[in-house]
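These are the residues of each chain, in order.
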Amino acid sequence: MDEFDPFTAPPRAPTANRPLLGLTILVVEDSRFACEAMRLLCLRSGARIRRADCLKSARRHLQVYRPSVLVADLGLPDGSGIDLIYEVAHATPRVPVVLGTSGDDHAEDAAIAAGADGFLAKPVTSLATFQQAVLSRLPSNQQPSGPRAIRDEVIEPDKMAFHDDMAHVADVLNDLAGDKVLDYLAQFVGGVARSAQDATLANAADSLAAARRRGGPVATDMARIAGLVQERLEQKRAI
């Protein structure tokens, strides 16, 4: 979790440069690289950030406080973010803004159907896109007054977070058990690869996902992903 406490920090009015001041955003994301991108976006926007890496952790957060905004990845290690979106969107009181996020181009419809107010397609790196996704769904009394310059800044997460994700994939590969883990692995690798603009790794993840949908053999795809992950871990050691 970040250093800000929503119970003790006094509310602050949004400004033109920091239009999300006073908001607390709960980011439910298992990728360290994608989460680092969200941290930077929140920091630039003035929002507090809370982080959860699975459904269990997110639900624990929501038992303690109600964030201003929920951003939920759809593929999580202990289930689907769709379930969390549905729970939060239909709860009383409701989290004011609920957004889904995924690297899957076909995931937006499912998020909206579950009750999400909007969707952020990965990679989420544009400050203007992130701010607009939140601001356009807030009530007018929570938006900055007066004209606001659109800062079309693109953030760049620390590459060390990407290598942390590669180490996580390596651990999962060493302890595969069950079809659900294969589906999670394909989704996780694909999302991280797209966030890091790693086309080769993204293509390998897409190939695995396609094989899973066909019900075909996956050994070749798994070996390819394992080799690519190892290459990226070796690149880290060489730095």
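Here, every reference points to the structure presented above.
Residues numbered from 1 in each chain as written. Predicted model: local features only at pLDDT ≥ 70, side-chain atom pairs only at ≥ 80, totals over all residues. Heavy atoms only, no water.

**Observations regarding the sheet that holds strand 1 (residues 24-28)**
Using the following cut-off: DSSP-based pairing: two strands are paired if at least 2 bridges between them are found. Labels follow the DSSP assignment, with helices taken as runs of H or I lasting at least four residues and strands as runs of E lasting at least two, numbered in each case from the N terminus. The axes are straight lines fitted to the C-alpha atoms, using for helices just the contacting stretch, and the angles between their N-to-C directions are given from 0 to 180°. Residue contacts are counted whenever heavy atoms from the two residues lie within 4.5 Å of one another.
Strand order across the open sheet formed by five strands is 2-1-3-6-7, with parallel pairing between neighbours. Among the strands making up the open sheet, the edge pair consists of strand 2 (48-52) and strand 7 (118-121). The sheet shows a mean angle of 20° between the axes of neighbouring strands, direction not considered. Pairing of strand 6 (residues 97-102) with strand 7 involves four bridges; the strand directions are parallel. Note on strand 7: the bridge partner recorded for Leu99 is Gly118. Contacting strand 1, strand 3 (69-73) and strand 6, helix 3 (residues 81-89) crosses the sheet at an angle of about 160° to strand 3.

**With respect to the pattern of salt bridges**
Between side chains of opposite charge, a pair can form when the charged atoms approach closely. Where we set the bar: In the sections that follow, a salt bridge refers to a side-chain nitrogen of Lys or Arg positioned within 4 Å of a carboxyl oxygen of Asp or Glu.
Evaluation of the coordinates by the stated rule reveals 11 salt bridges. Asp164 is the partner of Arg32 in a salt bridge, and the nearest nitrogen-oxygen pair spans 3.7 Å. Of the two residues, Arg32 is situated in helix 1 (residues 32-45) and Asp164 in helix 6 (residues 159-174); the sequence distance between them amounts to 132 residues. Across the salt bridge formed by Arg194 and Asp206, the nearest N and O atoms sit 3.2 Å from each other. On the criterion of sequence distance, the pair formed by Arg194 in helix 7 (residues 179-195) and Asp206 in helix 8 (residues 199-214) is long-range, its members being 12 residues apart. Look at the salt bridges and you will find they share partners, linking Glu29, Asp73 and Lys122 into a network.

**Details of the packing of helix 1 against helix 5 (residues 127-135)**
The condition is simple: Should an angle lie under 35 degrees it is considered roughly parallel, over 145 roughly antiparallel, and from 65 to 115 roughly perpendicular; all remaining angles are considered oblique. When residues are sorted by character, Ala, Val, Leu, Ile, Met, Phe, Trp, Tyr, Cys and Pro go into the nonpolar class, Asp, Glu, Lys and Arg into the charged class, and all the rest, Gly among them, into the polar class.
One can describe the packing of helix 1 onto helix 5 by two numbers: an axis separation of 10 Å at closest approach and a directional angle of 75°. One element, helix 1, and the other, helix 5, form an angle in the roughly perpendicular class. Taking contact as the criterion, the partners of Met38, Leu41, Cys42, Arg44 and Ser45 in helix 1 are, on helix 5, Leu127, Phe130 and Gln131. Class assignment of the residues belonging to the contact of helix 1 with helix 5 gives a composition of five nonpolar, two polar and one charged.

**Thoughts on the nonpolar core**
Grouped burial of nonpolar side chains is what soluble globular proteins tend to show. The following threshold applies: Only buried residues count toward a nonpolar core. Its members are Ala, Val, Leu, Ile, Met, Phe, Trp, Tyr and Cys residues joined through side-chain atoms within 4.5 Å. Using a 1.4 Å probe on the protein chains alone, a residue whose accessible area is under 20% of its type maximum counts as buried, one over 50% counts as exposed, and one in between counts as partly exposed.
Grouped together as the largest cluster of nonpolar side chains are 28 residues, with contacts concentrated most on Phe162, Met166, Val169, Val189, Leu201 and Val229. Mapped onto this core, the elements with two or more residues apiece are helix 6, helix 7, helix 8 and helix 9 (219-238). By residue number, the principal contributor to this core is helix 7, which donates eight residues. When sequence neighbours within four positions are dropped, the list of residues in contact with Val169 reads Leu185, Phe188, Val189 and Val229. Counting 24 residues, the second-largest nonpolar core is a separate cluster that includes Val27, Ala37, Met38 and Ala133.

**With respect to the packing of helix 7 against helix 8**
Working note: a packed helix pair is described by the angle between its axes plus the distance between those axes. The criterion, for reference: The handedness criterion is simple: a crossing whose near helix is rotated anticlockwise from the far helix by less than a right angle is left-handed, and one whose near helix is rotated clockwise is right-handed.
Running from N to C, helix 7 and helix 8 point in directions that differ by 150°, and their axes come no closer than 8 Å. Overall, the two elements helix 7 and helix 8 adopt an arrangement that is roughly antiparallel. The way helix 7 lies across helix 8 gives a crossing that is left-handed. Mapping the contact onto sequence places Asp179, Leu182, Asp183, Ala186, Val189, Gly190, Ala193 and Arg194 in helix 7 and Leu201, Ala202, Ala205, Asp206, Leu208, Ala209 and Arg212 in helix 8.

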